[in-house]
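Summary of structural features
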Amino acid sequence: MSKDVYKILIMELWGLGDVVMMSAVLKPLRLAFPKAKIVVLCQEHGQQILQENKEISSFVTFKFPWTLFKAKYHLWQWDWPGLLGGIQELRRERFDLVLDGRGDLRNDFLAWLIAPSQYVSASKKRLEHRVDCWKGVLEQIGVSREAICPEIGISGAEQSEARQFIEQQFPSRPGQLIGIYPGASQPFKRWPLERFKGLAQRFLEDGQTGVIVVADPDGFGQELGQDLKVPVFKGNIRQVIGLLGQLNRLVSNDTGLMHMAAALHVPVTAVFGPGDPDIFGPRGLSDIVIKPCPGRPCFVGCKKKSVDCLLDISVEDVWQSVRGQMSLKTISLLGAPVSRVTVRLAVQQIGTWVKQKERHYVCVAPVSTLVEAKRNPKYKEVLEGAGMVTPDGMPVVWLAKSKGCQDIERTYGPDLMRCVCQHGQERGLKHFFYGGTEDSLRQLEQRLLVAYPRLIISGRYAPPMRQGLWQEDKAVIDTINASGADIIWVGLGSPKQDFWMQAHRPLLQAPVIIGAGAAFDFCSGLKPQAPRWMQRSGLEWFFRFCCEPKRLWKRYLIGNSLFIMYVVKDMFKKAST
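Residues numbered from 1 in each chain as written. Predicted model: local features only at pLDDT ≥ 70, side-chain atom pairs only at ≥ 80, totals over all residues. Heavy atoms only, no water.

1. Here's the deal with the overall build of the protein chain
Put simply, the rule is: The helix and strand labels rest on DSSP assignments: H or I over at least four residues marks a helix, E over at least two residues marks a strand, and numbering proceeds from the N terminus. Buried means the residue's accessible area, taken with a 1.4 Å probe over protein chains only, is under 20% of the maximum for its type, while exposed means over 50%, and partly exposed covers the values in between. Here, two residues are considered to be in contact whenever any of their heavy atoms come within 4.5 Å of each other. Note on areas: Shrake-Rupley, 1.4 Å probe, and residue coverage restricted to the protein chains presented here.
Helices and strands together make up the secondary structure of the protein chain, namely 25 helices and 19 strands. For the protein chain, with 577 residues in total, the buried portion stands at 55%. Considering only contacts in the protein chain between residues 6 or more positions apart, those separated by 24 or more positions represent 68%. Working note: accessible area of the protein chain is about 25,800 Å², and carbon and sulfur atoms make up 54% of it.

2. Describing the pairing of strand β5 (residues 118-121)
Definition in use: We treat two strands as partners when DSSP finds at least two bridges between them. Throughout, right-handed denotes a crossover for which the path from the first strand over the helix to the second runs clockwise when the strands point away from the viewer.
In terms of strand pairing, strand β4 (residues 97-100) meets β5 through four bridges, oriented parallel. Opposite Val 98, over in β5, you have Tyr 119 as the bridge partner. The β-α-β motif built from β4, the intervening helix α5 (residues 105-114) and the parallel element β5 has right-handed crossover chirality.

3. With respect to the sheet that holds strand β14 (residues 360-365)
Threshold: Helix axes are fitted to C-alpha atoms over the stretch in contact, other axes to C-alpha atoms as well, and angles between N-to-C directions run from 0 to 180 degrees.
The strand order β15-β14-β19-β18-β16-β17 describes an open sheet built from six strands, whose pairing is parallel. Every other strand in the sheet has two partners, leaving β15 (388-391) and β17 (456-461) as the edge strands with one partner each. With strand direction ignored, the average angle separating the axes of adjacent strands in the sheet is 20°.

4. As for the environment of Cys 363
Mapped onto the elements of the fold, Cys 363 is located in strand β14. Cys 363 gets classed as buried once you look at its relative accessible area, which sits at 0%. The spacing of Cys 363 and Val 382 is 19 residues in sequence and 8.9 Å in space, taken between C-alpha atoms. Apart from residues no more than four positions distant in its own chain, Cys 363 is found in contact with Leu 383, Ala 386, Met 388, Val 389, Thr 390, Asp 498 and Met 501.

5. Digging into the packing of aromatic side chains
For clarity, the cut-off: For this analysis, a ring pair means two rings from Phe, Tyr or Trp (six-membered ring only for Trp) whose centres lie within 6.5 Å, classed as stacked if their planes differ by under 30 degrees, edge-to-face if by over 60, and tilted for the remaining angles. Only Lys NZ and Arg CZ are tested; either one counts as a charge over a ring when it is within 6 Å of the ring centre and within 35 degrees of the ring normal.
Taken as a whole and judged by the stated rule, the model has nine aromatic pairs. Here the aromatic rings of Phe 433 and Phe 520 are separated by 6.0 Å at their centres, their planes lie at 70°, and the arrangement is edge-to-face. Here Phe 433 is found in strand β16 (residues 430-435), whereas its partner Phe 520 is found in helix α22 (residues 519-524), with 87 residues between them in sequence. For the pair Phe 433 and Phe 520, a shared accessibility class is recorded, and that class is buried. Taken together, the aromatic side chains of Phe 433, Trp 489 and Phe 520 make up a single cluster linked through ring pairs. Between Arg 190 and the ring centre of Phe 220, over which it is positioned, the NZ or CZ distance is 4.3 Å. The ring of Tyr 412 is capped by Arg 410, whose NZ or CZ atom sits 4.0 Å from the centre of that ring.

6. Comments concerning the pattern of salt bridges
Going by this rule: Here, a salt bridge means any Lys or Arg side-chain nitrogen found within 4 Å of an Asp or Glu carboxyl oxygen.
Applying the stated criterion across every chain yields a total of 17 salt bridges. Across the pair Glu 151 and Arg 454 runs a salt bridge whose closest N-O atoms are separated by 4.0 Å. With Glu 151 in the loop between α6 (130-140) and α7 (156-169) and Arg 454 in the loop between α19 (438-451) and β17, this pair connects stretches of sequence that are 303 residues apart. Among the charged side chains, a salt-bridge network with shared partners connects Glu 438, Asp 439, Arg 442, Glu 445 and Arg 460.

7. Overview of helix α11 (residues 256-263)
Going by this rule: A 3.5 Å cut-off defines polar contacts: any pair of N or O atoms within that distance qualifies, except that in protein one atom must be a possible hydrogen donor and the other a possible acceptor, and neighbouring residues in sequence count only when both atoms are side-chain atoms.
Among the eight residues in α11, eight count as buried, and that is most of the element. All buried positions along α11 are accounted for by Gly 256, Leu 257, Met 258, His 259, Met 260, Ala 261, Ala 262 and Ala 263. Among the residues of α11, the N-terminal cap falls to Thr 255, whose side-chain oxygen and the backbone nitrogen of Leu 257 are separated by 3.3 Å. Within two residues after α11, His 265 carries a phi angle of roughly 65°, on the positive side.

Right under this line is the structure:
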């Protein structure tokens, strides 16, 4: 599509969750059309949800009767003057492009009335997730579909108000803060209230978890908080968003709040009954969907309009799923511990550590890390002391899956850095960068701030080139601590950076230290990254070897050969026993 697009209208006239899922396209659109005026046509709740999104130029709001659930088309009750006036206002804008992610005939008719230069709509099949429908719209206009997810913002005042509420209710912040929202837009989507009560009691039993019940605008859920003797929160959309941003997890039904929490990078446990999570499920960092018996969903043809199907989901089902997700599991690969994580789970865990002020360091583990740990017992001890060891290479992931570990995905250092930065800019987290050269750090900072304008970089330091392990000067440690950083990124190369993190973990006040590996070079643009297809197929090592053969020939030709030898040896050893 031509870059001469100056006015874009996005139509999302439906519910809370629909608006949140639409937000996934805003950042890619702004990057593709930086000078365009982006207008969102929505109902009033849509403007309230998205008002902190910096990509939007303006809103046009109207209460469209056809978007209500089971709307009755009493044409004489419509605000015809308002509707016609709104259409005239939109026509005067002379939009270059109108986008619709629903593929609805009513939206088609509305777009025809607005008369844009071009109208792009999602497929009428509607068999894929709402976010994927919007991805398809982006693809039609030539905008990249990769790595888009819903994202909404919180103002500093809203965060402060939510923190004050929590401090009043919990003078001593609990280890985990769980929000429970038992409401839903339709009664037949609500898991029974007594089961939410049983689940909340399980959380409260350990004495380390705090529970807040979020009541809906009509007050539904207040009696649950009173029975449990836990805080009840009731507020407007913006106040609820502020509270959600402070939680460690939200447990809810299939609701708009589920999507808000996921877009704030707060993990969600969603109980689904007649709805289809493949279409309406949360898209966030570390989400769990709990479904009833086979044969569901039946939302489109549901006749009973009751919670019958939700009765198949027990308190124990939800409790075990949440507890399993909240604990970080590991698998032993060639004797070294590797965390069973995805990128989303890793980011969520890092965010939890920062929020709880837990002090950990994170190592990234490509093939070379496992080989070095096999040969060097001291390095193996470094990995065992880490809070998380992420599977950085595809061969590491394949090896884990061959051992039956299917809940793992490649958690690539550069991807981890980008996702943590995106997560951190919404939480106001401060980052410190240690390693590389002054020029490379400056370029890294510039590139990250372009991608994440609200990112807070509290400092950077390029250490002099030295051999082996060293104890940092006290002045440097004091500088890092004085920066108030929440996350320290260390880019010294493996295994040097991992030894450095182990040695300096007791001296540094920041909750999390992450050994970023080559992420400094890739995220700063100093070195090219392999194409995605090479990354997914495990050929990134070959791409990097071709770029830097003199520096990397030992690591890849010798290291990879040793990795294969160790894996084969391990297989024969297990076969013999």
